[in-house]
2 protein chains.
Amino acid sequence: MKRRHGRKIRVKYGIIKFGYECKLKCERKRFWMAKVRLGLIGVGNMGTGHAENILAGKCPEIEITAAADRRESRREWAAAHLPSAAIFHEGEELIANGKVDAVLIAVPHYQHPPLAISAFRKGLHVMCEKPAGVYTLQVREMMAEADRHPELTFGMMFNQRTNCVYRKLKEMIDGGELGEMKRMNWLITDWYRTQFYYDSGAWRATWAGEGGGVLLNQCPHQLDLLQWLCGLPVKVQAHCHEGKWHDIEVEDDVTAYMEFENGATGVFVTTTGEAPGTNRLEVTGSMGKAVCEGDTLTFWRNQVDEREWRVTCREGFRKPENEKIAVETDGQNPQHPAVLNAFAAHILRGEPLIADGREGIRGLMLSNAMHLSAWTGKEVTLPIDEKLFYDLLKEKCATSRHKEEKDVTISTEGSY
Amino acid sequence: MKRRHGRKIRVKYGIIKFGYECKLKCERKRFWMAKVRLGLIGVGNMGTGHAENILAGKCPEIEITAAADRRESRREWAAAHLPSAAIFHEGEELIANGKVDAVLIAVPHYQHPPLAISAFRKGLHVMCEKPAGVYTLQVREMMAEADRHPELTFGMMFNQRTNCVYRKLKEMIDGGELGEMKRMNWLITDWYRTQFYYDSGAWRATWAGEGGGVLLNQCPHQLDLLQWLCGLPVKVQAHCHEGKWHDIEVEDDVTAYMEFENGATGVFVTTTGEAPGTNRLEVTGSMGKAVCEGDTLTFWRNQVDEREWRVTCREGFRKPENEKIAVETDGQNPQHPAVLNAFAAHILRGEPLIADGREGIRGLMLSNAMHLSAWTGKEVTLPIDEKLFYDLLKEKCATSRHKEEKDVTISTEGSY
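What counts and how
- Residues numbered from 1 in each chain as written.
- Chains lettered and ligands numbered in written order.
- Predicted model: local features only at pLDDT ≥ 70, side-chain atom pairs only at ≥ 80, totals over all residues.
- Heavy atoms only, no water.
- Contact = heavy atoms within 4.5 Å.
- Buried area = accessible area lost by both parts, 1.4 Å probe.
- Salt bridge = Lys/Arg side-chain N within 4 Å of Asp/Glu carboxyl O.
- Polar contact = N/O pair within 3.5 Å; in protein donor to acceptor, adjacent residues only side chain to side chain.
- Helix = DSSP H or I, 4+ residues; strand = E, 2+ residues; numbered from the N terminus.
- Nonpolar A, V, L, I, M, F, W, Y, C, P; charged D, E, K, R; others polar.
- Buried < 20%, exposed > 50% of the residue type's maximum accessible area, 1.4 Å probe, protein only.
- Pairing = 2+ DSSP bridges.
- Right-handed = clockwise from strand over helix to strand, strands pointing away.
- Axes fitted to C-alpha atoms, helices over the stretch in contact; angles between N-to-C directions.
- Phe/Tyr/Trp six-rings, centres within 6.5 Å; stacked < 30°, edge-to-face > 60°.
- Lys NZ or Arg CZ within 6 Å of the ring centre and 35° of its normal.
- pLDDT = per-residue confidence, 0-100.
- Least-squares fit on C-alpha atoms with pLDDT ≥ 70 in both.
- Expected span 1.5 Å × (residues − 1).

## Description of the interface of chain B and chain A
- At the interface, 62 residues of chain B touch 62 residues of chain A.
- Counting the surface chain B buries against chain A, the share from its top three residues, R183, R310 and F317 of chain B, is 16%.
- Remark: the boundary between chain B and chain A carries 6 salt bridges.
- Put simply, E274 of chain B and R183 of chain A hold a salt bridge, and the shortest N to O gap is 2.7 Å.
- Applying the counting criterion to the chain B and chain A interface returns 33 residue pairs in polar contact (both at pLDDT 80 or more).
- With 5 residues, strand 12 (residues 265-271) of chain B is the largest single contributor of residues to the side of chain B that touches chain A.
- In the side of chain B that touches chain A, the residues fall into 18 nonpolar, 25 polar and 19 charged.

## Describing the pairing of strand 4 (residues 62-68) of chain A
Residues and elements named next belong to chain A.
- In terms of burial, strand 4 is a largely internal element, 7 of the 7 residues being buried.
- The pairing of strand 3 (residues 34-41) with strand 4 spans 6 bridges and is classified as parallel. Considered in strand 4, the bridge of G39 is made with A66.
- In this view, the connection linking strand 3 to its parallel neighbour strand 4 by way of helix 2 (residues 45-55) has right-handed handedness.
- By the bridge criterion, 3 bridges tie strand 4 to strand 5 (residues 86-88) in an arrangement that is parallel. When the bridges of strand 5 are listed, A66 appears paired with A86.

## Re the pattern of salt bridges
Residues and elements named next belong to chain A.
- For the coordinates displayed, the defined rule picks out 64 salt bridges over all chains.
- Residues E177 and R301 are paired through a salt bridge, measuring 3.2 Å at the closest nitrogen-oxygen approach. Linking E177 in the loop between helix 7 (164-174) and strand 9 (181-188) with R301 in strand 15 (residues 296-302), this pair joins segments that are 124 residues apart in sequence.
- Taking relative accessible area as the criterion, E177 reaches 29% and is therefore assigned partly exposed.

## Overview of the sheet that holds strand 12 (residues 265-271) of chain A
Residues and elements named next belong to chain A.
- In space, the 9 strands of this open sheet follow the order 16-15-14-13-9-12-11-10-17, with mixed pairing throughout. Both edges of this open sheet fall to strand 16 (322-326) and strand 17 (380-381), since each of them pairs with a single strand only.
- Sitting on the sheet, helix 7 is in contact with strand 9, strand 13 (279-285), strand 14 (288-293) and strand 15, with an inclination near 20° to strand 15.

## With respect to the packing of aromatic side chains
- According to the stated counting rule, one finds 18 aromatic pairs over all chains in the structure shown.
- Plain terms: the ring middles of F120 of chain A and F154 of chain A are 5.0 Å apart, the flat faces sit at 85° to each other, and that makes the pair edge-to-face. Taken together, the positions of F120 of chain A in helix 5 (residues 112-121) and F154 of chain A in strand 8 (residues 154-156) put the pair 34 residues apart, joining distant regions of the chain. Across the pair, F154 of chain A and F120 of chain A agree in class, each one buried.
- An aromatic cluster of at least three residues, connected via ring pairs, comprises Y110, Y135 and Y390 of chain A.
- Looking at R193 of chain A, its charged tip hangs above the ring of Y197 of chain A, at a distance of 5.0 Å from the centre.
- Directly above the aromatic system of W300 of chain B lies the positively charged group of K289 of chain B, at a separation of 4.4 Å from the ring centroid.

## Considerations on the confidence of the model for chain A
- Mean pLDDT for chain A: 91, with 89% of residues reaching 70 or above.
- Taken together, the chains of this predicted complex give a pTM of 0.91 and an interface ipTM of 0.90.

## Looking at the pairing of strand 15 of chain A
Residues and elements named next belong to chain A.
- Most of strand 15 sits inside the fold, with 5 of its 7 residues counted as buried.
- Inspection of the sheet shows strand 14 paired to strand 15 by 6 bridges, in the antiparallel sense. Within strand 15, the residue paired with V291 across the bridge is T298.
- Bridge count between strand 15 and strand 16: 5 bridges; the pairing is antiparallel. The residue of strand 16 that forms the bridge with T298 is A326.

## Details of the sheet that holds strand 14 (residues 288-293) of chain B
Residue and element names in this part refer to chain B.
- Strand order in the open sheet made by the 9 strands is 16-15-14-13-9-12-11-10-17, with mixed pairing throughout. Taken across any chain shown, the strands that pair with only one partner, and hence form the sheet edges, are strand 16 (322-326) and strand 17 (380-381).
- The pairing of strand 10 (residues 235-242) with strand 11 (residues 251-259) spans 8 bridges and is antiparallel. Within strand 11, the residue paired with E242 across the bridge is E251.
- Lying over the sheet, helix 10 (residues 220-230) contacts strand 9 (181-188), strand 11, strand 12 and strand 13 (279-285), oriented at roughly 165° with respect to strand 9.

## Here we look at unusual backbone geometry
- Put simply, L382 of chain A and P383 of chain A share a cis peptide bond, and its omega is -5°.
- Tracing the chain through its elements places P383 of chain A in the loop between strand 17 and helix 14 (386-398).
- Geometrically, the link from A275 of chain B to P276 of chain B is a cis peptide bond, its omega value of 5° lying close to zero.
- Considering the arrangement of structural elements, one finds P276 of chain B in the loop between strand 12 and strand 13.

## Considerations on the relation of the copies chain B and chain A
- Its rotation angle being 180°, the transformation that places chain B on chain A also includes 0.0 Å of axial translation and leaves an RMSD of 0.0 Å. The two molecules are tied by a two-fold rotation axis, judged by turn and shift.

## A short note on the environment of N185 of chain A
Residues and elements named next belong to chain A.
- By the element assignment, N185 lies in strand 9.
- Residue class for N185 comes out buried when judged on its relative accessible area of 3%.
- Remark: the alpha-carbon pair of N185 and R280, spanning 95 residues in sequence, is separated by 7.9 Å.

## Examining helix 6 (residues 136-147) of chain A
Residues and elements named next belong to chain A.
- In a regular helix each residue adds 1.5 Å, so 12 residues correspond to 16 Å; helix 6 covers 16 Å between its end C-alpha atoms and thus fits that length.
- Burial in helix 6 covers these residues: T136, Q138, V139, M142, M143, E145 and A146.
- The elements touched by buried residues of helix 6 are helix 5, strand 8, helix 13 (360-376) and helix 14.

## Brief notes about the side chain of D253 of chain B
- Within the secondary structure, D253 of chain B is located in strand 11.
- There is a polar contact of 2.7 Å between the side chain of D253 of chain B and the side chain of R183 of chain A.
- Side chain to side chain, D253 of chain B and W245 of chain B meet in a polar contact 2.8 Å long.

In structure tokens, the structure reads:
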């Protein structure tokens, strides 16, 4: 056992001192492999997917040494597939007794912050599934606890940030290629779900169990990407339709209008009730227009900044000349394994995370703002009245529907 | 001179009795050509375009026998290019003395209803440029007068209805190919205009002169197509930004959310401040998704109705199978001349119009609803409180900016 930043690291094939000061040895990691001992809290749809990725050798610096699930069938699955893992009923038990360096929290959203807080207090690194939690007040507690343990790694499973198309777009926006942002428009309606999906878990699509619908379960990725690419808006007005397409009590159809600090506006449309659906993100700026659709990123680059053209052109209808470019990316889209690998590399060698856990509150703030606007029928400004949101959520939970547990695990392959 | 429906028709090369009872002779119209004598009221950007189409022989059943414009330079243009036309200063003079069968009204929007009413009272057919007027109360008076003269033809210049892509989409929607409508989303941000454009006319982009911005001037086509394709929504919530991109007092940036009677939702986004801009209309239904973009219409057709699939499929993430179809159209997009030719054919032979003048109020209702929602900061239901809209518009007009007349005529070619 060695320590880095005060943390124990298990080294499988020998002893090695990790850290920046020891580059030569680090480069020999294939032969001198240190592994992060991971406790998997939740072996449901997502947890199983993570376990399968790790078992398939996609995360060579991670081994699952413990797993917890409240369902016997999932514990049996874990016992059968993860023979070296200690199996627990409760995540809290795993945290207390699991002999792990880190936990991966993949249980219903409400439990993310309390489990993360327990893990930090136990000195464990935390990788949290999205969303960070259900309401920002709760997530602030998690962030405060994380801040009390700066030596611990805290990551958020924002695997869509690894998509080459969004990475490239961020690079272009941050590099000023789009000029001043004017508008963003995201039609993300390809989150199709059947009624069978919603019937598959007792917690699913209930206020008390999940705390929301498509905004909480499917869209945290896009809401995170939205704020990552464009920043958080300052105003939101949203229309959320509850149980519009499915027999559920939470929203499965959302249209939101946003305004950003510089005056740019945005629209975000999502649903789980549309097939085949669309995933098209358009961001326009004074230097042109970028569109992400499918695996492609297209950029129409203006020859001159539109802001200058608008006031100097002596014709009425003429636009600046532009060039249409099929933007090349590195083609890499390594998703969940990449997030886990960066998490392990951060623990072992201080390398950058894909997404710091503290950034999880930003997309959730946007999600909460959309709910709050829809519930109150009013435009809301960000940061929202977090106490009001929590009070209204509690009201929703008080009358939340009881659903029977069905114990179904659905493969998430190709659908995240 | 012969009469049909009590109207005189001038016959250029001989005498012919027109009407359904006389088909054989009608088919010989190339040789026995009857012409509608048209009075062009307004020889500005649009009026000049119409005159040039007619002079170019694109409307063989129309001749311009009178023209009116308040600007000397435009009267001079008309005198030079339309030698057989009587020239007037005022539209009302043309209506009173113009020896015309019909008028084409192409002056600032506020004047459409009063001129149309005068024309009807004088027994003239009316083709009105879009929008029908600035506020629905005013347009109702025009419609009432039209209804008092059922023998007269009343058409609206909704030339975009001649576009093969929208015609085909309407055929598909009306024929049930999309199933039950779920959503429409129109990004129509390619109405780019420079500051020079807004400075080109004193009436332009003022509350008193034009009564609105992009909704009143550029978007009447899309607002008409929207209601023609999808029906009128029952609720609208809109965000209109005035003078956001240009030095003008009216809106040049709009985002509107809509709800339709069956629960379908919609988004309509438009601006004159974006280059290169987008024109993408997506309509989704239970049988699939249709997208109009550029000159193309694409349809993703579901093998089974999604409403049935949703409740019968025993998998969580699986969509109905669908087939992507590049929809064939007839390729025809005859625009303004087609509207005028149908107008003449309706006068001469009772053939169908492209758009009845009475339908003009529908798109205007939608436009007024967007303004009213933005001005009051509230969701509005349709039909709107028309008196409230009018009162608020009058308030806007009372403080409207005075602009100097510059007398510039801009070619509208390729931009309608």
